[in-house]
Amino acid sequence: VLPRLLSRIRRSATAHAVATARRRLRGDGAAMERGLLTRILYPAPQATYTAESFKGELIWIPKKSSLDGDAPLLGVDCVPCLLLKYPYSRFLVLFFHSNAEDLGRCYSFCVAMRDRFQVHVLAVEYPGYGICPGVATGPSVMENAFSALHFATQSLRWPLDSIFIFGRSIGTGPAVKLTSLFRFAGAILVTPFLSIGELFRDRVGPLAQLVEEWYPNLELSKKIRCPALMIHGRRDDMINFRHAEQLHEAIPTRKLLVSPPAMLHNTNLMNDMNYLVMPATHFFSLPDYVFHDMRVPHWAYTLRPSPKAPKSLTPNRSIAPGKLESFDMCCGTGPGVRLVDCCSRAMVDLHEAMDTTQVGLDVTSLSQQGELWEDPAQPIAVSMPALVGPKEAQHQDFQEEVVTHKTIIILKEEPFSISM
């Protein structure tokens, strides 16, 4: 009896230790404290910008209220984002930066990307980074990502087939999640990873099973239905190249893997035209233009976050998995079918509940018609900012994560492989 009792005590103690370790690794506790997993994956650097930086380019996107389909209220929780416009460009790039930079550090790269590809760029900030309040966890980062997508499709009225999703390093987590739910114009994944568990398994082995899984990229990549461009250096010493190889094999749609042999994890993508610029230009047929220009609601420049946001004026809607309701849609699921508001929580829950979800692309009529423009998220008269052409590139230094580069373009010195 005594040996069995001791064995049971040991098993109970082990289970308790594992549960305690899991709770400590989690970063989304009730107190929203920076847990161990958050400290490792999201080591927020010191803010490099303020609310007064990037005048005319720093916008505020409503968070919780926009996800529930409400109009933005004064003092509502907001997400700071960079919106860099290019006149009459067809495409909008939704950009998720790496974990060692904020919007201030990636600003030069976003400007270069806008000018090189002649696209609009909407860069999303993570909770706890820059001037964005909160703590970065898997769910909180995805909340910001869904808020930005909702703003793009509802407030900017940008169709999904004209939106690119761009993620680098940890930013490929929310990027893969979004592309598994919606059919975009394309996805660009730089130094992607298979999952959080696989990242830790490369470092700590079996202890990786204690880590909560925030981004199961390998599983979600099988649901991607848009063209995917992946860039991963063979000398990457932080995320092994095997992650990109396995993701490339799992993606079922048209895909391209660019693997420069000399590229490191933090290598500047603008140092060599063959890293990003040339592959993306040819793979996605960039640039392209439309006859109507982007119009941004005035409130996006004037909203500010508040520590005590007012409660929603409209009760939240909830639906059972797979149930269809009659609402106006921005991305729909085909002719004659109308679902809950696009990118709302109910819409995302519905996408996750349905095994075979195909999101349509017919939203061009929303932005191409000639009627008086009205922002659906803020149905009041707003004044539009004057159209300003693209700024000349004034930044000679590009900063990605913690590496500073002095040269914009370097000619290719050695060939590297491209996998189709």
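Here is what the cut-offs are and how they apply
Residues numbered from 1 in each chain as written. Predicted model: local features only at pLDDT ≥ 70, side-chain atom pairs only at ≥ 80, totals over all residues. Heavy atoms only, no water. Helix = DSSP H or I, 4+ residues; strand = E, 2+ residues; numbered from the N terminus. Contact = heavy atoms within 4.5 Å. Areas by Shrake-Rupley, 256 points an atom, 1.4 Å probe, with all protein chains shown as cover. Buried < 20%, exposed > 50% of the residue type's maximum accessible area, 1.4 Å probe, protein only. Pairing = 2+ DSSP bridges. Arc of directions from axis to C-beta. Phe/Tyr/Trp six-rings, centres within 6.5 Å; stacked < 30°, edge-to-face > 60°. Core = buried A, V, L, I, M, F, W, Y, C linked by side-chain atoms within 4.5 Å.

A.B. asks: Help me understand the overall build of the protein chain in this model?
C.D. replies: When you go through the protein chain residue by residue, the secondary structure sums to 13 helices and 11 strands. Restricting the contact set of the protein chain to residue pairs at least 6 apart, pairs at least 24 apart contribute 75%. Just so you have it, the protein chain exposes about 19300 Å², and 55% of that area is on carbon and sulfur atoms.

A.B. asks: Hey, could you run me through the pairing of strand S4 (residues 120–124) in this one?
C.D. replies: The side chains of a regular strand alternate, residue by residue, between the two faces of the sheet. With five of five residues buried, S4 is to be regarded as a mostly interior element. Judged by which residues are buried, S4 turns out to be covered on both faces: His-120, Leu-122 and Val-124 on one side and Val-121 and Ala-123 on the other are all buried. With four bridges connecting them, strand S2 (residues 78–84) and S4 associate as antiparallel partners. Directly across from Cys-81, in S4, lies its bridge partner Val-124. Sheet analysis places strand S3 (residues 92–96) next to S4, joined by five bridges and oriented parallel. Bridging from a neighbouring strand, Leu-92 pairs with His-120 of S4.

A.B. asks: Help me understand helix H7 (residues 196–204), please; the structure alone is not making it clear to me.
C.D. replies: Among the residues making up H7, those that are buried are Ile-196, Gly-197, Leu-199 and Phe-200. Along the axis of H7, the buried positions cluster into a sector of 160 degrees, meaning they face one direction only. Within two residues after H7, Gly-205 carries a phi angle of roughly 70 degrees, on the positive side.

A.B. asks: Would you mind showing me how to read the packing of aromatic side chains here?
C.D. replies: Each aromatic ring pair is summarised here by two numbers: the centre-to-centre distance and the angle between the ring planes. Considering all chains together, one arrives at 15 aromatic pairs under this definition. Relative to Phe-166, the ring of Phe-109 has its centre 6.0 Å away and its plane inclined at 75 degrees; by these criteria the two rings are edge-to-face. Of this pair, Phe-109 sits in helix H4 (residues 107–117) while Phe-166 is found in strand S5 (residues 163–168), placing the two residues 57 residues apart along the sequence. With respect to class, Phe-109 is no different from Phe-166; both count as buried. For the ring pair Phe-164 and Phe-284, a centre distance of 4.8 Å and an interplane angle of 65 degrees mean the geometry is edge-to-face. Residue Phe-164 is located in strand S5, and its partner Phe-284 is located in helix H10 (residues 277–284); the two are separated by 120 residues in the primary sequence. Taking the relative accessible area as the measure of exposure, Phe-164 reaches 3% and is therefore buried. By relative accessible area, Phe-284 is classed as buried at 8%.

A.B. asks: Would you explain the environment of Arg-235 in this entry?
C.D. replies: Structurally, the position occupied by Arg-235 is in the loop between strand S7 (228–231) and helix H9 (241–250). Each C-alpha atom, one on Arg-235 and one on Pro-261, is 6.3 Å from the other, the two residues being 26 residues apart in sequence. Setting aside residues up to four positions removed in sequence, Arg-235 forms contacts with Pro-261, Ala-262, Met-263 and Leu-264.

A.B. asks: I tried to follow the nonpolar core on my own but got confused; where do I start?
C.D. replies: The tendency in soluble globular proteins is for nonpolar side chains to be buried as a group. The biggest cluster of nonpolar side chains holds 105 residues, and the ones touching the most others in it are Tyr-42, Leu-122, Phe-166, Leu-178, Ile-196 and Leu-276. Looking at this core, the element that brings in the most residues is helix H5 (residues 138–155), giving eight residues. Apart from the residues lying within four places of it in its own chain, the contact partners of Leu-122 are Ile-59, Ile-61, Cys-81, Leu-82, Leu-83, Leu-92, Val-93, Leu-94, Phe-95, Ala-148 and Phe-151.

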